Amino acid sequence: MKKKVLVAGASGYLGQYLVKELKRRNYWVRVLIRRENQKTLFKAVDDFYIAEITDPTALKGVAQDIDWVISTVGITRQKEGMTYMDVDYQGNTNLLKEALEDGVQTFQYISAIHGDTLRHLKIFEAKEKFVDTLKASKIQHSIIRPNGFFSDMGDFLKMAQSGRVYLFGRGDYKLNPIHGKDLAKVCIDNLENDVPEETVGGPDIFTHNQLAELALSAWRKPIKISHLPDWIRRFTIWVLRTFTSSKTYGPIEFFLTAMASDNIANLHGTHRLADYYETEVQKISIS
Ligand SMILES: NC(=O)c1ccc[n+]([C@@H]2O[C@H](COP(=O)([O-])OP(=O)(O)OC[C@H]3O[C@@H](n4cnc5c(N)ncnc54)[C@H](OP(=O)(O)O)[C@@H]3O)[C@@H](O)[C@H]2O)c1
């Protein structure tokens, strides 16, 4: 019999691709969402459960009759007064408790590339504390550490719209970003094949210079890239850490730290960033 799967974070970028891929493979799917009006995001799910992951009492029974839990829940752009510890760690721990009580077979959690080695960053401190809790629990785990999503590579595209891209250092650090659709497939493949942990990226490795060129080309702009000295990056992190809250500096600290090293994950998928950029430019041009 096909497994029953609970997707938490189903309303998010990756969550929505996961739900589509699970349904394409004929799984029974329950989604955990926060608001009634989020139901319209889904065409063919089997069950909805509406609750805040940060409210343990509201979660009671969410994992009943479920074989696999997948959680992509984490603060990305949400600005709700909660910290990474409240959501990424405690929220997911609340969900894990339900999964344990209801005898779930496997819990898959989406962290991020190098999360285990960058625990000093606010965003990873909470995510990796949850990874530790999950690994120490009696449930089978599947940890996914994705590279940057195509959706996040939109930052290069936004910068390129003005005709110039600013990079720190020489721009020769490398990464292989991944489309949500490709990542969703790997997540489910890894559950089906009992893969306990994997760092996952897209099919093409780019230097930051190449990403900038791709973004400028998508706007049909001449290639203009400015390379800023690395001390500006380090100074910006220090200023933000010193004068703003973790909600403000967390994502920027992550982005600026990721910009100063290679981020190369296992190569997966078929979607090409150049096609994604072309489509995004067309969407923006039409609207
Ligand atoms: N974007 C990247 O490049 C990247 C790369 C590597 C790893 N990741 C990680 O992958 C995960 C998924 O990323 P994504 O881009 O799909 O994120 P996303 O689109 O922001 O989705 C996050 C999900 O978490 C839920 N969520 C956030 N705060 C919540 C709260 N307080 N209570 C309950 N649910 C909450 C959101 O629900 P609502 O829709 O109701 O807000 C949404 O369903 C994140 O943990 C992210 O850090 C992202």
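All figures in this text were calculated on a predicted structure; none of them were measured in a lab.

Here's the deal with the overall build of the protein
Item 1. The number of helices and strands found in the protein is 9 helices and 12 strands.
Item 2. Relative to a compact globule of 287 residues, whose C-alpha radius of gyration would be 19 Å, the protein shows 19 Å and is just as compact.
Item 3. Relative to its 287 residues, the protein shows a buried fraction of 48%.
Item 4. Put simply, 75% of the contacts in the protein that link residues at least 6 apart link residues at least 24 apart.
Item 5. Here the protein carries 38 positive and 35 negative side-chain charges, and the mean point of each set is 4 Å from the other.

Observations concerning the packing of helix α1 (residues 13–24) against helix α5 (residues 180–192)
Item 1. At a closest axis distance of 8 Å, the pairing of α1 and α5 adopts a crossing angle of 60°. For the element pair α1 / α5, the angle class is oblique. The handedness of the crossing between α1 and α5 comes out as right-handed. Note on element contacts: α5 touches α1 through G180, K181, L183, A184, K185, C187 and I188, opposite Y13, L14, Y17, L18, E21, L22 and R24.
Item 2. Residue composition of the contact of α1 with α5, by class: 9 nonpolar, 1 polar and 4 charged.

Considering the site of the ligand
Item 1. Around the ligand lies a shell of 27 residues, among which S11, Y13, R34, T76 and K127 are the nearest.
Item 2. Interatomic distance of 2.7 Å between a side-chain N/O atom of S11 and an oxygen atom of the ligand.
Item 3. Relative to its unbound accessible area of 910 Å², the ligand is 91% covered by the protein chains.
Item 4. Here the residues of the shell around the ligand are counted per class, giving 10 nonpolar, 11 polar and 6 charged.

Brief notes about the pattern of salt bridges
Item 1. Enumeration according to the criterion identifies 26 salt bridges in this entry.
Item 2. The partner of K122 in a salt bridge is E125, with the nearest N and O atoms 3.0 Å apart. Separated by 3 residues within a single helix, K122 and E125 lie in helix α3 (residues 122–136), roughly one turn from each other.
Item 3. Each member of the salt-bridge network shares a partner with another, and the members are E21, R24, R25, D189 and E192.

Here's the deal with the environment of P56
Item 1. Structurally, the position occupied by P56 is in the loop between β3 (47–50) and β4 (68–71).
Item 2. The class for P56 is partly exposed, based on a relative accessible area of 43%.
Item 3. Taking C-alpha positions, P56 is 43 Å from E278, a pair spaced 222 residues apart along the chain.

Some points on α5
Item 1. An ideal rise of 1.5 Å per residue puts 18 Å on 13 residues; α5 measures up with 18 Å between its terminal C-alpha atoms.
Item 2. All of the buried residues in α5 are G180, D182, L183, A184, V186, C187, I188, N190 and L191.
Item 3. Looking at the packing, one finds that the buried side of α5 touches α1, β4, β5 (106–110), β6 (140–146) and β9 (197–201).
Item 4. Once α5 ends, the next one or two residues include D194, with phi positive near 55°.

Some details on the packing of helix α4 (residues 154–161) against helix α6 (residues 208–218)
Item 1. Relative to each other, α4 and α6 sit at 55°, their axes nearing to 8 Å. Taken together, the axes of α4 and α6 are oblique relative to one another. Taken as a pair, α4 and α6 cross one another with a handedness that is right-handed. Residue-level inspection shows F156, L157 and A160 of α4 in contact with α6, the latter providing H208, L211, A212, A215, L216 and A218.
Item 2. Split by residue class, the contact of α4 with α6 holds 8 nonpolar, 1 polar and no charged.

Some words on the packing of aromatic side chains
Item 1. What the rule picks out here adds up to 11 aromatic pairs.
Item 2. Look at Y109 and F130: their rings are 4.8 Å apart centre to centre, the planes differ by 70°, and that puts the pair in the edge-to-face class. Here the residue Y109 occupies a position in strand β5, and F130 occupies one in helix α3, the gap between them amounting to 21 residues.
Item 3. Of the residues examined, Y109 reaches a relative accessible area of 0% and is grouped as buried.
Item 4. Residue classification places F130 among the buried positions, given a relative accessible area of 0%.
Item 5. A cation over an aromatic ring shows up here: K4 above the ring of W28, its NZ or CZ 4.7 Å from the ring centre.

Here we look at helix α8 (residues 246–258)
One turn of an α-helix holds 3.6 residues; hence residues three or four places apart share an orientation.
Item 1. With 13 residues, α8 extends 17 Å between its outermost C-alpha atoms, agreeing within 8% with the 18 Å of an ideal straight helix rising 1.5 Å per residue.
Item 2. Within the sequence span of α8, burial applies to S246, Y249, G250, E253, L256 and T257. All buried residues of α8 lie within an arc of 150° about the axis, which places them on one face of the element.
Item 3. Tucked inside the fold, the buried residues of α8 contact α2 (84–101), α3, β7 (165–168) and α7 (230–243).

Analysis parameters
- Residues numbered from 1 in each chain as written.
- Predicted model: local features only at pLDDT ≥ 70, side-chain atom pairs only at ≥ 80, totals over all residues.
- Heavy atoms only, no water.
- Helix = DSSP H or I, 4+ residues; strand = E, 2+ residues; numbered from the N terminus.
- Rg over C-alpha atoms; globule rule 2.2 N^0.38 Å.
- Buried < 20%, exposed > 50% of the residue type's maximum accessible area, 1.4 Å probe, protein only.
- Contact = heavy atoms within 4.5 Å.
- Lys, Arg positive; Asp, Glu negative; His and termini not counted.
- Charge placed at Lys NZ, Arg CZ, Asp CG, Glu CD.
- Axes fitted to C-alpha atoms, helices over the stretch in contact; angles between N-to-C directions.
- Parallel < 35°, antiparallel > 145°, perpendicular 65-115°, else oblique.
- Left-handed = near helix turned anticlockwise from the far one by under 90°.
- Nonpolar A, V, L, I, M, F, W, Y, C, P; charged D, E, K, R; others polar.
- Near = heavy atom within 4 Å.
- Polar contact = N/O pair within 3.5 Å; in protein donor to acceptor, adjacent residues only side chain to side chain.
- Areas by Shrake-Rupley, 256 points an atom, 1.4 Å probe, with all protein chains shown as cover.
- Salt bridge = Lys/Arg side-chain N within 4 Å of Asp/Glu carboxyl O.
- Expected span 1.5 Å × (residues − 1).
- Phe/Tyr/Trp six-rings, centres within 6.5 Å; stacked < 30°, edge-to-face > 60°.
- Lys NZ or Arg CZ within 6 Å of the ring centre and 35° of its normal.
- Arc of directions from axis to C-beta.

The values reported here are purely geometric and, on their own, carry no functional implication.
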